[in-house]
Amino acid sequence: MPPVETNAEAIALQALVWTLGDPARAARLLDLTGLDPAGLRARAGEPLLLAATLGFLEAHEPDLVACAEALSIKPADLVASRAELERA
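Let us look at the structure shown here. (Residues numbered from 1 in each chain as written. Predicted model: local features only at pLDDT ≥ 70, side-chain atom pairs only at ≥ 80, totals over all residues. Heavy atoms only, no water.)

Remarks on the overall build of the protein
Part 1 of the argument: The helix and strand inventory of the protein stands at six helices and zero strands.
Part 2 of the argument: When the elements of the protein are put in sequence order from the N terminus, they spell out α-α-α-α-α-α.
Part 3 of the argument: Over its C-alpha atoms the protein spans a radius of gyration of 12 Å, differing by no more than 12% from the 12 Å that the globule rule assigns to 88 residues.
Part 4 of the argument: Taking the principal axes of the C-alpha coordinates as reference, the protein spans close to 35 × 30 × 20 Å.
Part 5 of the argument: For the protein, the proportion of its 88 residues judged to be buried stands at 38%.
Part 6 of the argument: Considering only intrachain contacts with a sequence separation of at least 6, the fraction spanning at least 24 residues in the protein is 64%. (Helix = DSSP H or I, 4+ residues; strand = E, 2+ residues; numbered from the N terminus. Rg over C-alpha atoms; globule rule 2.2 N^0.38 Å. Buried < 20%, exposed > 50% of the residue type's maximum accessible area, 1.4 Å probe, protein only. Contact = heavy atoms within 4.5 Å.)

Considering helix 5 (residues 61-71)
Part 1 of the argument: Residues of helix 5 that are buried include every one of Asp-63, Leu-64, Cys-67, Ala-68 and Leu-71, and no others. For helix 5, the buried positions fall inside an angular range of 130° around the axis, keeping them on one side. More than 90 degrees from the buried face of helix 5, the exposed residues found are Glu-61, Pro-62 and Glu-69.
Part 2 of the argument: Tucked into the core, helix 5 has its buried residues touching helix 1 (7-20), helix 2 (23-33), helix 4 (47-58) and helix 6 (75-87).
Part 3 of the argument: Immediately beyond the C-terminal end of helix 5, within one or two residues, lies Ser-72, with a positive phi of roughly 60°. (Arc of directions from axis to C-beta.)

A short note on the side chain of Thr-19
Part 1 of the argument: Inspection of the secondary structure assignment puts Thr-19 in helix 1.
Part 2 of the argument: Within the local environment of Thr-19, its side chain forms a polar contact with the backbone oxygen of Ala-15, the two atoms lying 2.8 Å apart.
Part 3 of the argument: Beyond its immediate stretch of four places on either side in the chain, Thr-19 contacts Arg-25, Ala-26, Leu-29, Thr-53, Phe-56 and Leu-57. (Polar contact = N/O pair within 3.5 Å; in protein donor to acceptor, adjacent residues only side chain to side chain.)

What follows is the structure, given as structure tokens:
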């Protein structure tokens with residue numbers, strides 16, 4: 001039976017897709033995580049990678065706000081999702 005996706009995971013996956021939609025932002029994420037595109041694809045569903053993606057957005061408030069707006073959620077929802085994923 002596959003693992004059940006939580007709301008935090010769904011939000012984080014959407015945020016990851018949003019992050020990767022901009023080549024410069026995607027390159028910055030890869031540089032900071034030390035992953036290459038293949039590694040990122042292989043680990044995209046892991047809670048700690050998803051939390052790291054949200055932490056990456058938190059570290060640059062304009063990206064956090066822009067991502068929240070794109071996903072039609074509050075920036076605080078991204079922050080709360082990161083915290084939930086870090087506990088997983």
